[in-house]
Structures are given as structure tokens and as C-alpha cells.
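Observations on chain architecture
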Amino acid sequence: MADRSLRGIRLGASSLQSEEGVVFHERANHTYVCTQCGRETVMTFAADAELPEAWECRTCGAEAVRRDGDTVVEVDHSGDKAPRTHWDMLMERRTIPELEELLEERLTLLRSRRGAQDGARLSA
């Protein structure tokens, strides 16, 4: 068994497979320009891949848009939805008068409990 062990090989350091018979896919480089800091990032994609119009800038995290030659691609944000808040979702289910009524019910309940607790403290 000892004569079959793999001595001197670090795990994960290199692959034991050869590249014989492997056909690499064609690649193309595309440049993205940040709208905030102006940094250019070159990304490599497959030649036939559908390219995203925007990419996240590695430096500042803002939106970087793809540059084709000397022109910059216009990104269409008309389909983007604004995130809904808890208040927006609540307002879809309730009206302001209903919310005021619920608030008054809860306040009455809390006040009655507080009064019962205060009375128990005074009698003890």
C-alpha cells in the first residue's frame, strides 16, 4: 500500500488531469465603465454569450455600463420596481380608519392591563 501512495502532492495545488483533447471555447473581452468613479473593468465572456448591459464596479460597487467601441450602452431601468416597504404592504390590506380603530383597541387593552397591575401592586 505504501508504494502506491501519492507522495509530494499537495491537495488542491494542481490538477492530475491533462489538457489532451480539450477544446477551449472562444472568448471575448468587454469593457465596463463605472458611472461613479470612472474605473474601467475588462471582463472575459464566451464569444457567443449574451452580455449584460451593466456590471457591479469592483472599486465602489456602483453600476458600471458596457462600452462598445467609443459609445456607452444605455441601460433601460424602466422595468425596475421599487422595493415595497412594510408600510406599503400594510396599506394594501388596511385603510387608515381601520388602523386607527385597531390602535385604539390595543391601547384600551394595554391600559386596562396596566390598571389591573397597578391595582395589584397597591393592594400588596
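Higher on the page you've got the structure.
These notes cover the structure that comes with them. (Residues numbered from 1 in each chain as written. Predicted model: local features only at pLDDT ≥ 70, side-chain atom pairs only at ≥ 80, totals over all residues. Heavy atoms only, no water.)

Some remarks on the packing of aromatic side chains
Evaluated as defined, the whole model comprises 3 aromatic pairs. Judged by centre distance (5.7 Å) and plane angle (80°), the ring pair of Phe 45 and Trp 55 falls under edge-to-face. Here the residue Phe 45 occupies a position in strand 2 (residues 40-46), and Trp 55 occupies one in strand 3 (residues 54-56), the gap between them amounting to 10 residues. The exposure class assigned to Phe 45 is buried, which follows from its relative accessible area of 15%. (Phe/Tyr/Trp six-rings, centres within 6.5 Å; stacked < 30°, edge-to-face > 60°. Helix = DSSP H or I, 4+ residues; strand = E, 2+ residues; numbered from the N terminus. Buried < 20%, exposed > 50% of the residue type's maximum accessible area, 1.4 Å probe, protein only.)

A look at a nonpolar patch on the surface
On the surface, Trp 87, Met 91 and Ile 96 cluster together to form a nonpolar patch covering roughly 280 Å² of accessible area. Residue Ile 96 is classed as partly exposed on the basis of its relative accessible area, which comes to 40%. (Patch = residues over 30% accessible without salt bridge, like charges linked within 9 Å, V, L, I, M, F, W, Y side chains within 5 Å. Areas by Shrake-Rupley, 256 points an atom, 1.4 Å probe, with all protein chains shown as cover. Salt bridge = Lys/Arg side-chain N within 4 Å of Asp/Glu carboxyl O.)

What to know about the nonpolar core
Counting 7 residues, the largest nonpolar core consists of Tyr 32, Cys 34, Met 43, Phe 45, Cys 57, Ala 62 and Ala 64. For this core, the elements supplying multiple residues, two or more each, are strand 1 (27-34) and strand 2. Setting aside residues up to four positions removed in sequence, Met 43 forms contacts with Ala 28, Asn 29, His 30, Tyr 32, Trp 55 and Arg 58. (Core = buried A, V, L, I, M, F, W, Y, C linked by side-chain atoms within 4.5 Å. Contact = heavy atoms within 4.5 Å.)

Some words on the pattern of salt bridges
Within this structure, the stated rule accounts for 4 salt bridges. In this structure, the salt-bridge partner of Arg 66 is Asp 68, at a minimum N-O distance of 3.4 Å. Residue Glu 104 pairs with Arg 111 through a salt bridge whose shortest N-O separation is 3.9 Å.

Section: the environment of Ala 28
Here Ala 28 lies in strand 1. Residue Ala 28 is classed as partly exposed on the basis of its relative accessible area of 23%. For Ala 28 and Asp 48, which are 20 residues apart along the polypeptide, the C-alpha to C-alpha distance reads 8.7 Å. Sequence-distant contacts of Ala 28, that is, excluding residues within four places in its chain, are made with Met 43, Thr 44, Phe 45 and Ala 47.

That's the geometry; what it means functionally is another story.
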